[in-house]
Amino acid sequence: METTVVHLVRHGEVHNPEGVLYGRLPGFRLSTDGEAMAGRAAEWLTGRGVTHLVSSPLERARQTAAPIAEALDLPVTLDERLVEAGNAFEGMRVAGGRGVFRSPGNWWRLRNPVRPSWGEPYVEIAARMLAAVEAARDAARGSAAVCVSHQLPIWTLRLHLEGRRYAHDPRRRECGLASVTSVTYEGDRVAGIAYAEPAGATDPDAVPGA
């Protein structure tokens, strides 16, 4: 059976001085540090046999994909299925005295962490991410593909592939900024999952819901 690797790259740090949960909102670009992180991810991916590159359509993901495309001399294909998870708290602050958890008006949204009740259901995130990753795998049979996406979608897919429960503590996600979660397939079967942080250890909660 052919061995194929799909590398799931989380975008780099975003310029977000107000500390809002930006989700799918437009206008949120990589910070200067985020651009450097994307460059280090591109260096890490060089020489790993990548023949296919696909990205979430959100600006921060496309910016992260750009140096990868340049380093690997590949075009970038956009895939809506790699987009950030939908969230009812977009544009709001999550942490601090004015955070969403401080307002009783938001508590109804928090009633069911298993689904979750405040955003796109985990089962739907997992389904679309799985479809996107399998499409990338099929496009790169016998070599490797890169999918640039976002923290929660990548982590939800990993939970799905490892047979773990979707409900989780966001502080425990192993999906730092510009990190790479690599899924190895033998034919169509998942043979292993590995994790790397080419940009160095980063706080996965620095930008909530990124």
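Predicted, not measured: the structure shown is a model, and the values here were computed from it.

Rules behind the numbers
- Residues numbered from 1 in each chain as written.
- Predicted model: local features only at pLDDT ≥ 70, side-chain atom pairs only at ≥ 80, totals over all residues.
- Heavy atoms only, no water.
- Helix = DSSP H or I, 4+ residues; strand = E, 2+ residues; numbered from the N terminus.
- Buried < 20%, exposed > 50% of the residue type's maximum accessible area, 1.4 Å probe, protein only.
- Polar contact = N/O pair within 3.5 Å; in protein donor to acceptor, adjacent residues only side chain to side chain.
- Contact = heavy atoms within 4.5 Å.
- Expected span 1.5 Å × (residues − 1).
- Pairing = 2+ DSSP bridges.
- Axes fitted to C-alpha atoms, helices over the stretch in contact; angles between N-to-C directions.
- Arc of directions from axis to C-beta.

Draft legend 1. Structural view of the side chain of S149. Position of S149 among the secondary structure elements: in strand β4 (residues 144-149). Given the relative accessible area of 0%, S149 is considered buried. Only 2.7 Å separates the side chain of S149 from the backbone oxygen of L82, close enough to count as a polar contact. The residues contacting S149, other than those within four sequence positions of it, are V9, R10, H11, S56, L82, M129 and I154.

Draft legend 2. Layout of helix α2 (residues 59-72). Relative to the 20 Å expected for 14 residues at 1.5 Å per residue, α2 spans 20 Å between its end C-alpha atoms, a close match to the ideal helical length. Looking only at α2, the buried set comprises R60, A61, Q63, T64, A65, I68, A69 and L72. Tucked into the core, α2 has its buried residues touching β1 (3-10), α1 (32-45), β2 (50-55) and β4.

Draft legend 3. Summary view of the sheet that holds β4. Strands sit in the order β3-β2-β4-β1-β5-β6 across an open sheet of six strands; the sheet is mixed. Each edge of the open sheet carries a strand with a single partner, namely β3 (77-78) and β6 (189-196). Two strands pair when backbone bridges link them, and β2 and β3 are joined in this way by two bridges, in the parallel orientation. The residue bridging V54 from the neighbouring strand is T77, located in β3. Sitting on the sheet, α1 is in contact with β1, β2, β4, β5 (180-186) and β6, with an inclination near 170° to β1.

Draft legend 4. The arrangement of α1 in detail. For α1, spanning 14 residues, the distance from its first C-alpha to its last is 20 Å, which sits close to the expected 20 Å at 1.5 Å a residue. Listing the buried residues of α1 in full gives G34, M37, A38, A41, A42 and L45. Looking straight down α1, one finds that the buried residues subtend no more than 145° of arc, so they occupy a single side. Looking at α1, the residues exposed on the side facing more than 90 degrees away from the buried face are T32 and E43. Count one or two residues on from α1 and you reach G47, which has phi positive near 85°.

Honestly, it's all geometry; don't read function into it.
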